[in-house]
Amino acid sequence: MTPPPGLYDSHAHLADGRLYPLLGEALADFRRAGGCGVLAVSARVAEWERVALVAREDGVWGALGVHPLYREGWDAQAGPQRLAAMLAGNPDLRAVGEIGLDFHLGRGDQEEQLALFRSQLAVAGAGDYPVAFHNRQSWREFLAVLDGQDRPVRGVCHNFTGGRELAREILDRGLLLSFGGPLTWPDARRARESARYAPLDRILVETDAPDLPPRPRRADTSAPADVARVLAVLAELRGLAVPELAGRLGENFAELFLSPRNGLGNRL
Ligand SMILES: [Zn+2]
């Protein structure tokens, strides 16, 4: 499918309690800025119903999943089936995420994180859903889990801030890289190196709203319209005009999240 030209935010927490009360305004701002599509991700089970609701908005699609640090409410027995059933029953829900491994606070719960990650990845694999990945200080373990899957996983590493070596390992496995607010920060040397290096058809942009606001705007929170600033910095890094880059990234968004194969894995 050819997406309408414009801005696509590949990762925003529209169901987050800080953003949800302002959602009408935030989406209106986004559309005024040229916004055409947002992937509304979830971090915890308690957000799933709200993400499904938000995904009914024009140009909003949803991803369901459990972030490695927000496991409350996840039932290891019934969780995978519930996740699969909610996704299968709603064509606005197009992906699994955000899921992954986060050892920033230590590895005391490494086994629980790995079990949660593997079981959600199995749901994504069975339905052939793309995945929004969250990883922090866990890249070796993450790549090992991916390499242990019996078929390639489709997905994107969200808020990628790593350098070129790590970018290459992720790209070699067929995944995309999504750049967010940190790309606009003055100390983003490694992220900028990767943003220059990655092939154009393997890049997305995002806000991670309501977190990681771009600079130079000084604010505590971000909203989907801020993806325009990330795109502008990326266009400068790549030496491309903003509309041309926006068109390419819109195609990437559509190919990954709006593909008709999403959700058909176990029915093909
Ligand atoms: Zn996020």
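Starting from 1, residues in each chain are numbered consecutively following that chain's sequence as written. For this predicted model, a pLDDT threshold of at least 70 governs which residues receive local features, and a threshold of 80 or more governs which side-chain atom pairs are given and counted, while totals over whole chains, interfaces and linings are taken from all residues.

Chemist: Help me understand the overall build of the protein chain, please; the structure alone is not making it clear to me.
Modeler: For the protein chain, the count of helices and strands is nine helices and eight strands. Throughout, the radius of gyration refers to the C-alpha atoms, and the reference size of a globule is 2.2 Å times the residue count to the power 0.38. Rg of the C-alpha trace for the protein chain: 17 Å, near the compact-globule value of 18 Å for 268 residues, within the 12% margin. By its C-alpha atoms, the protein chain is 50 × 40 × 40 Å across when sized along the principal axes. Residue pairs at least 24 apart in sequence account for 73% of intrachain contacts in the protein chain once pairs closer than 6 positions are excluded. What counts as a helix is a DSSP run of H or I of at least four residues, what counts as a strand is a run of E of at least two, and both are numbered from the N terminus. Our contact criterion uses C-beta atoms placed from the backbone: two residues qualify when those atoms are within 7 Å.

Chemist: I would appreciate a short explanation of the pairing of strand 5 (residues 131-136) in the present structure.
Modeler: The side chains of a regular strand alternate, residue by residue, between the two faces of the sheet. Here exposure depends only on C-beta density: within 10 Å of a residue's C-beta, 20 or more other C-beta atoms make it buried, 12 or fewer make it exposed, and intermediate numbers make it partly exposed, the C-beta atoms being placed from the backbone. Counting buried positions over the six residues of strand 5 gives five, a clear majority of the element. Chirality of the crossover, the property in question, places the unit of strand 4 (residues 93-102), helix 4 (residues 110-127) and strand 5 among those that are right-handed. Here strand 5 runs beside strand 6 (residues 155-157); their pairing, made up of three bridges, is parallel. What sits directly across from Ala132, in strand 6, is Val156. For the crossover from strand 5 across helix 5 (residues 139-147) to strand 6, the handedness is right-handed. When the strands point away from the viewer, a crossover counts as right-handed if the route from the first strand across the helix to the second turns clockwise. Here, a strand pair is defined by DSSP locating no fewer than two bridges between the strands.

Chemist: Just checking my understanding: could you explain the sheet that holds strand 5 for this structure?
Modeler: Sheet strands pair via backbone hydrogen bonds, and the direction of the pair is either parallel or antiparallel. If you trace the eight strands from one edge of the open sheet to the other, you get 1-2-3-4-5-6-7-8, paired in parallel fashion. Where the open sheet ends on each side, the last strands, each with one partner, are strand 1 (7-12) and strand 8 (203-205). Adjacent strand axes in the sheet meet at a mean angle of 25°, parallel and antiparallel pairs treated alike. In this sheet, strand 3 (residues 60-64) lies alongside strand 2 (residues 35-40) in parallel orientation, the contact comprising three bridges. Along strand 3, the bridge assignment pairs Val38 with Val60. Every axis in this analysis is a line fitted to C-alpha atoms, fitted for helices over the stretch in contact. Angles between the N-to-C directions lie between 0 and 180 degrees. On top of the sheet, helix 4 reaches strand 4 and strand 5; it is set at about 160° to strand 4, its chief contact.

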